[in-house]
Amino acid sequence: MSKRRVELFAEGTDNGCRLDLFLAGRLREVSRKAIKRALDGGRVFVDGRVQHRANYPIRGDERILLTFEGESVAETKPDLTILYRQEGLLAINKPSGLPSHPTVAGRVNALDLVREKLAEEEGGDPILLHRLDRDTTGVLLFALNAEANRALARQFAEHQIEKTYLALVAGIPPEVFSVRNYLKAGVRGRTIAVTSGGQKAETHFRTLARGADFALVEARPKTGRTHQVRVHLAGLGHPLLGDGLYGGPERLQIKGAFFHLRRYLLHASCLVFFSPSSRRILTIHAPVPDDFLCFRPILVPAPAL
């Protein structure tokens, strides 16, 4: 059985961080599932002692050894959680770190994983109906036949599909706000806002809860431009937590403890659309991910609107 041993050293800035989140932040190529298996299997040592607790608080001066067994970490494929599968459609809960479609030869991506899963059962070639950025979690929708593809592609093109995102952002935004501008692709994959010459982009926001210097925001984009929600929030001075590309903090101090953010905190929580055959309204939800839930105890609900 193949093994890989890793040695890490916690620093003062890691004080207060959960052990599993510390490991995930330092080992970005390793899945959360592989880290959990190492903890459960007694293969994580903190200062020479076995540590099973995922929520063990790091002090900031520890030596941590862990061993992964049984598979090449670089080839680890995430398990797909299917949220919906009917009427020629399939929706998954896309995890963080998984591209929606092939970007680099040989890299695991959601489209190929869905294709592999269907091949094991009945064959067929799934069609990706929209995209989520690599580190965005949540609802990702595929068509399983030509009829469903035509019906949903039309709804996406005509902006008939309601998309709802959850975002953890820096600062304290207003209770309700909107952005309407034009976006254009820039260098190094970055999207920029322009006064003219780009593509029209519109997003509506509502603040759901607030912390000391951050907030939980609901975003409802009316258009589907690259990085739209991220750019609109950053342009208002409220970038996503963890979004270093657009100026978001990648480390957060809360009550004296530091949180290291493994990704930008954006989650595609819900899609609402007309079914391709029955024309009834379908609503697909994706559960809130763990890295959002750890902020729940320190958020205060915003006033009712």
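Whatever comes next refers back to the structure up there.
A brief look at the structure comes next. (Residues numbered from 1 in each chain as written. Predicted model: local features only at pLDDT ≥ 70, side-chain atom pairs only at ≥ 80, totals over all residues. Heavy atoms only, no water.)

## Observations regarding the pairing of strand β10 (residues 176-185)
Then comes step 1: Of the pairings in the sheet, the one linking β10 to strand β12 (residues 199-210) comprises eight bridges and is antiparallel in character. The residue of β12 that forms the bridge with phenylalanine 177 is phenylalanine 205. (Pairing = 2+ DSSP bridges. Helix = DSSP H or I, 4+ residues; strand = E, 2+ residues; numbered from the N terminus.)

## Some details on the nonpolar core
Then comes step 1: In terms of nonpolar packing, the biggest core is built from 27 residues, with Ile92, Phe142, Phe205 and Leu233 touching the most fellow members.
Then comes step 2: Sequence-distant contacts of phenylalanine 205, defined by excluding residues within four places in its chain, comprise Glu175, Val176, Phe177, Val179, Val217, Glu218, Ala219, Val229, His232 and Leu233.
Then comes step 3: Core analysis: the next-biggest nonpolar cluster, separate from the first, contains 22 residues, Cys17, Ala24, Ile35 and Val46 among them. (Core = buried A, V, L, I, M, F, W, Y, C linked by side-chain atoms within 4.5 Å. Buried < 20%, exposed > 50% of the residue type's maximum accessible area, 1.4 Å probe, protein only. Contact = heavy atoms within 4.5 Å.)

## Considering the pattern of salt bridges
Then comes step 1: Under the counting rule described, the total for this entry stands at 15 salt bridges.
Then comes step 2: In this structure, glutamate 7 engages arginine 63 in a salt bridge whose closest nitrogen and oxygen atoms are separated by 2.6 Å. One end of the pair, glutamate 7, is in strand β1 (residues 3-9); the other, arginine 63, is in strand β4 (residues 63-69), and 56 residues separate them in sequence.
Then comes step 3: Residue class for glutamate 7 comes out partly exposed when judged on its relative accessible area of 40%.
Then comes step 4: Classification of arginine 63 by relative accessible area gives partly exposed; the value is 39%. (Salt bridge = Lys/Arg side-chain N within 4 Å of Asp/Glu carboxyl O.)

## Here we look at the layout of surface pockets
Then comes step 1: Size it by volume and the second largest pocket reaches roughly 860 Å³.
Then comes step 2: Surrounding the second largest pocket, 31 residues form its lining, Arg131, Leu132, Asp133, Thr226 and His227 being those nearest its centre.
Then comes step 3: Only α4 (146-157), β9 (162-170) and α5 (228-235) provide two or more residues apiece to the lining of the second largest pocket.
Then comes step 4: Among the elements that make up the lining of the second largest pocket, the one with the highest residue count is α5 (three residues).
Then comes step 5: Its residues assigned to classes, the lining of the second largest pocket comprises ten nonpolar, twelve polar and nine charged. (1 Å grid on protein atoms, 1.4 Å probe; cavity = no way out; pocket = protein on both sides within 12 Å on 5 of 7 lines; lining within 4 Å. Points joined across faces, edges and corners; volume = space filled by probe spheres on them. Nonpolar A, V, L, I, M, F, W, Y, C, P; charged D, E, K, R; others polar.)

## Focus on the environment of glutamate 116
Then comes step 1: Following the sequence through the fold, glutamate 116 ends up in helix α3 (residues 110-121).
Then comes step 2: It is 9.9 Å that separates the C-alpha atoms of glutamate 116 and proline 126, two residues lying ten residues apart in sequence.

## Here we look at unusual backbone geometry
Then comes step 1: A positive phi angle, near 55°, is found at histidine 159, a position not held by glycine.
Then comes step 2: Structurally, the position occupied by histidine 159 is in the loop between α4 and β9.
Then comes step 3: Overall, the relative accessible area of 44% leaves histidine 159 in the partly exposed class.
Then comes step 4: Of note in this structure, arginine 279 is not a glycine but carries a positive phi near 65°.

## Thoughts on the sheet that holds β4
Then comes step 1: Reading across from one edge, β1-β4-β2-β3 is the order of the four strands in this open sheet, with antiparallel pairing throughout. Each edge of the open sheet is held by one strand with a lone partner, namely β1 and β3 (49-50).
Then comes step 2: Pairing between strand β2 (residues 44-46) and β3: two bridges, direction antiparallel. Bridge assignment links phenylalanine 45 to a residue of β3, and that residue is valine 50.
Then comes step 3: Strand contacts of helix α1 (residues 19-26): β1, β2 and β4, with the helix running at about 105° to β1, the strand carrying the most contacts.
Then comes step 4: Sitting on the sheet, helix α2 (residues 32-40) touches β2 and β4, and the angle it makes with β4 is about 105°. (Axes fitted to C-alpha atoms, helices over the stretch in contact; angles between N-to-C directions.)

## Some words on α3
In an α-helix, one turn spans 3.6 residues; hence positions three or four apart end up facing the same way.
Then comes step 1: For α3, with twelve residues, the first-to-last C-alpha span of 17 Å sits near the 16 Å given by 1.5 Å per residue.
Then comes step 2: The set of residues buried in α3 consists of Ala110, Leu111, Leu113, Val114 and Leu118. Viewed end-on, α3 has its buried residues packed into an arc of 165°, placing them on one side of the element. Along α3, the residues that are exposed and aim more than 90 degrees away from the buried face are Ala119 and Glu120.
Then comes step 3: At its buried positions, α3 is contacted by β5 (82-86), β6 (89-94), β7 (127-128) and β8 (137-143).
Then comes step 4: Capping of α3 at its N-terminal end is provided by asparagine 109; its side-chain oxygen lies 3.2 Å from the backbone amide nitrogen of leucine 111. (Expected span 1.5 Å × (residues − 1). Arc of directions from axis to C-beta. Polar contact = N/O pair within 3.5 Å; in protein donor to acceptor, adjacent residues only side chain to side chain.)

These figures come from the coordinates and say nothing about function on their own.
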